[in-house]
Protein chains: 2
Amino acid sequence: MPAKDVPDIVVSRLPLYLRALSFLAEEGLQVISSKELGHKLGISPAQIRKDLSHFGEFGKQGTGYNIQYLRDQLRRILKVTEEREVALVGAGDLGRALMHYGGFAGRGFRISLVFDNNPQKIGQKMGPFEILDSESIETIVADRGIEIAIVAVPAEAAQEVVDALVRAGVKAILNYAPITVKVPEGVHVQYIDPVIHLQRMTYYL
Amino acid sequence: MPAKDVPDIVVSRLPLYLRALSFLAEEGLQVISSKELGHKLGISPAQIRKDLSHFGEFGKQGTGYNIQYLRDQLRRILKVTEEREVALVGAGDLGRALMHYGGFAGRGFRISLVFDNNPQKIGQKMGPFEILDSESIETIVADRGIEIAIVAVPAEAAQEVVDALVRAGVKAILNYAPITVKVPEGVHVQYIDPVIHLQRMTYYL
DNA sequence: GCGCTTTTGTGAAATCTTAAACATAATATA
DNA sequence: TATATTATGTTTAAGATTTCACAAAAGCGC
């Protein structure tokens, strides 16, 4: 359905292009060349053109790319044309910050369920949602047909939560817990651990 | 001082090794082979051995790696043997979550300054710190000799904040704002944008 | 219309990265 | 002590990714 065989590393850059194009469209700009876009992103123009060429021909020679058109094409390719429901597990400080984060809307995602295993929190409100018992992840997430989840629980609980999400049919997991989790083939995991990112820079200090 | 010419991509994996080894050390384990470690991390044993070989010989044939020893060596290589001070800019929900995050201690970092530009917030306490005026980033961060900063402000403010941090002498920036920023040669930036990570997975759904 | 400039899409070349394979060394077994 | 097993560090090969370079197309000015 998508394309035949696009390298993962190419796919991983598309969201960066989309983010920049959305920003440029907001600014009211119409057209941008691979050279200009590359300059903004710190990526070579050739790489941008090559990446996009995996999916079709979106530019016009001598002119560049129509910003709105390319943005829409990237949204289609990345399948974020409609807002997708996301289940959030973990109602701690990080969970709350994610809940209140205004940046999901308009970029393809909407948190629509929140779970926690703390009896003190279950039943309470967080934002517009009632915090649900983590025990019910399997049934509720499956019922709603939710495919995407964010895990914001301590490391000790993460694998267990991920297992429940996988059983519920979740196919994409954004894991904030500082641990590598095991998932079956076909389930995707992305990791966010600020310490890992910081340590990637201290080497160069 | 570090090594002659280690590829960035190799350096980027070292923190993952360190994280796993610290966890194993906590568990009381003594020794691990590249095969076992690779299995835990989803990385090939050959790659782990190759990566480590850039920095020296840390293992013993027939046995594997001494966990504590290799952990200590990685801490040394990544220069996180002592806790480093980090300046946090942005005292919103995310900033608060980072402030309260217990995961920095013991992994080489300690937030020790918090800035915001909101007059309502300046002077208030957040955790153990008084929120300082963003206007004073340049002087205070420079005075303290802080080299690392976390940017947790809206996209519109990010470049301006980054510029101030760079002028203050910061060399490593973890940017949570959903925008690519410009920095001079020699300043390192890592990005965390949950939407980017989510969009890297929706392609495969 | 005609040259001049710009910029795309792409095949080929260059570079970088990963995986495979193996000699060597350490340990365990008997 | 000899033999079998395990696992490293490194060399070599394979594979993946990026860069280069250029033909073709589109717009602009005159």
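Source: prediction; values computed, not measured. (Residues numbered from 1 in each chain as written. Chains lettered and ligands numbered in written order. Predicted model: local features only at pLDDT ≥ 70, side-chain atom pairs only at ≥ 80, totals over all residues. Heavy atoms only, no water.)

## What about the protein's contact with DNA strand D?
Taken together, 25 residues lie around DNA strand D, and Arg13 and Gln61 of chain A together with Ser34, Gln61 and Tyr65 of chain B are the ones closest in. Backbone atoms, meaning sugar and phosphate, form 70% of the atoms of DNA strand D found within 4 Å of the protein. A distance of 2.6 Å is found between a phosphate oxygen of DNA strand D and a side-chain nitrogen or oxygen belonging to Ser34 of chain B. A distance of 3.1 Å is found between a sugar or linking oxygen of DNA strand D and a backbone nitrogen or oxygen belonging to Gly62 of chain B. If you list the elements that add at least two residues to the surface near DNA strand D, you get α1 (8–26) and α3 (45–53) of chain A together with α3 (45–53), β2 (59–60) and β3 (64–66) of chain B. Here the surface near DNA strand D gets four residues from one element, more than from any other, and that element is α3 of chain A. The class makeup of the residues in the surface near DNA strand D is five nonpolar, twelve polar and eight charged. (Near = heavy atom within 4 Å. Polar contact = N/O pair within 3.5 Å; in protein donor to acceptor, adjacent residues only side chain to side chain. Helix = DSSP H or I, 4+ residues; strand = E, 2+ residues; numbered from the N terminus. Nonpolar A, V, L, I, M, F, W, Y, C, P; charged D, E, K, R; others polar.)

## Some thoughts on the pattern of salt bridges
In the structure shown here, the tally under the stated rule is 20 salt bridges over all chains. Between Arg13 of chain A and Asp51 of chain A there is a salt bridge, and its shortest N-O distance comes to 2.7 Å. With Arg13 of chain A in helix α1 and Asp51 of chain A in helix α3, this residue pair connects regions lying 38 residues apart in the sequence. Among the ionic pairs, Asp193 of chain A bridges to Arg107 of chain B, the shortest N-O distance being 3.0 Å. In this pair, Asp193 of chain A is assigned in the loop between β10 (188–191) and α8 (194–202) and Arg107 of chain B in the loop between α5 (93–100) and β5 (109–116), connecting two distinct chains. Overall, the relative accessible area of 17% leaves Arg107 of chain B in the buried class. (Salt bridge = Lys/Arg side-chain N within 4 Å of Asp/Glu carboxyl O. Buried < 20%, exposed > 50% of the residue type's maximum accessible area, 1.4 Å probe, protein only.)

## Quick look at the sheet that holds strand β2 (residues 59–60) of chain A
Residue and element names in this part refer to chain A. Read from one edge to the other, the open sheet built from three strands follows the order β1-β3-β2, with strand pairing classed as antiparallel. Taken across any chain shown, the strands that pair with only one partner, and hence form the sheet edges, are β1 (31–32) and β2. Here β2 pairs with strand β3 (residues 64–66) via two bridges, running antiparallel. Note that in β3 the partner of Lys60 across the bridge is Gly64. (Pairing = 2+ DSSP bridges.)

## Some points on helix α5 (residues 93–100) of chain A
Among all positions of α5 of chain A, only Gly95, Ala97, Leu98 and Met99 of chain A are buried. As for α5 of chain A, its buried residues are in contact with β4 (84–89), β5 (109–116), β6 (125–126), β7 (129–133) and β8 (148–151) of chain A together with α5 of chain B. (Contact = heavy atoms within 4.5 Å.)

## Comments concerning the domain arrangement of chain A
According to the domain assignment, chain A consists of domain 1 (8–78) and domain 2 (84–197). Placing a centre on the C-alpha atoms of domain 1 of chain A and another on those of domain 2 of chain A gives a separation of 30 Å. (Domains from an automatic or database assignment.)

## Let's talk about the nonpolar core
Judged by nonpolar contacts, the single largest core of 94 residues is most densely connected at Leu74 and Ile150 of chain A together with Leu74 and Ile150 of chain B. Excluding anything up to four places from it in sequence, Ile150 of chain B contacts Leu198 of chain A together with Val86, Ala87, Leu88, Val89, Leu98, Phe104, Leu174 and Tyr176 of chain B. Counting 27 residues, the second largest nonpolar core, distinct from the first, contains Ile146, Leu165, Ile179 and Val187 of chain B. (Core = buried A, V, L, I, M, F, W, Y, C linked by side-chain atoms within 4.5 Å.)

## A short note on the protein's contact with DNA strand C
Of all residues adjacent to DNA strand C, which total 25 residues, the nearest are Ser34, Arg49, Gln61 and Tyr65 of chain A together with Gln61 of chain B. Protein-proximal atoms of DNA strand C, defined as those within 4 Å of the protein, fall in sugar or phosphate at a share of 64%. Separating a phosphate oxygen of DNA strand C from a side-chain N or O atom of Arg13 of chain B is a distance of 2.8 Å. When residues of the surface near DNA strand C are traced back to their parent elements, those giving at least two are α3, β2 and β3 of chain A together with α1 (8–26) and α3 of chain B. Examining the composition of the surface near DNA strand C, we find that four residues originate from one element, α3 of chain B, more than from any other. Of the residues contributing to the surface near DNA strand C, the split by class is five nonpolar, twelve polar and eight charged.

## A look at the relation of the copies chain B and chain A
Least-squares fitting of chain B to chain A yields an RMSD of 0.0 Å, with the transformation described by 0.0 Å of translation along the axis and a rotation of 180 degrees. One copy is carried onto the other by what is essentially a two-fold rotation axis. A high fraction, 100%, of the interface residues of chain B reappear at the interface in chain A, so the copies pair face to face through one surface. (Least-squares fit on C-alpha atoms with pLDDT ≥ 70 in both.)

## Here's the deal with the interface of chain B and chain A
Contact residues are listed per partner, giving 59 residues for chain B and 59 residues for chain A. A buried area of about 5,700 Å², summed over both sides, lies between chain B and chain A, and 65% of it is on carbon and sulfur atoms. At the junction of chain B and chain A, the tally comes to four salt bridges. Where Arg19 of chain B meets Asp193 of chain A, a salt bridge forms, and the shortest distance between an N and an O atom there is 2.9 Å. Inspection of the region where chain B meets chain A yields 20 residue pairs in polar contact (both at pLDDT 80 or more). (Buried area = accessible area lost by both parts, 1.4 Å probe.)

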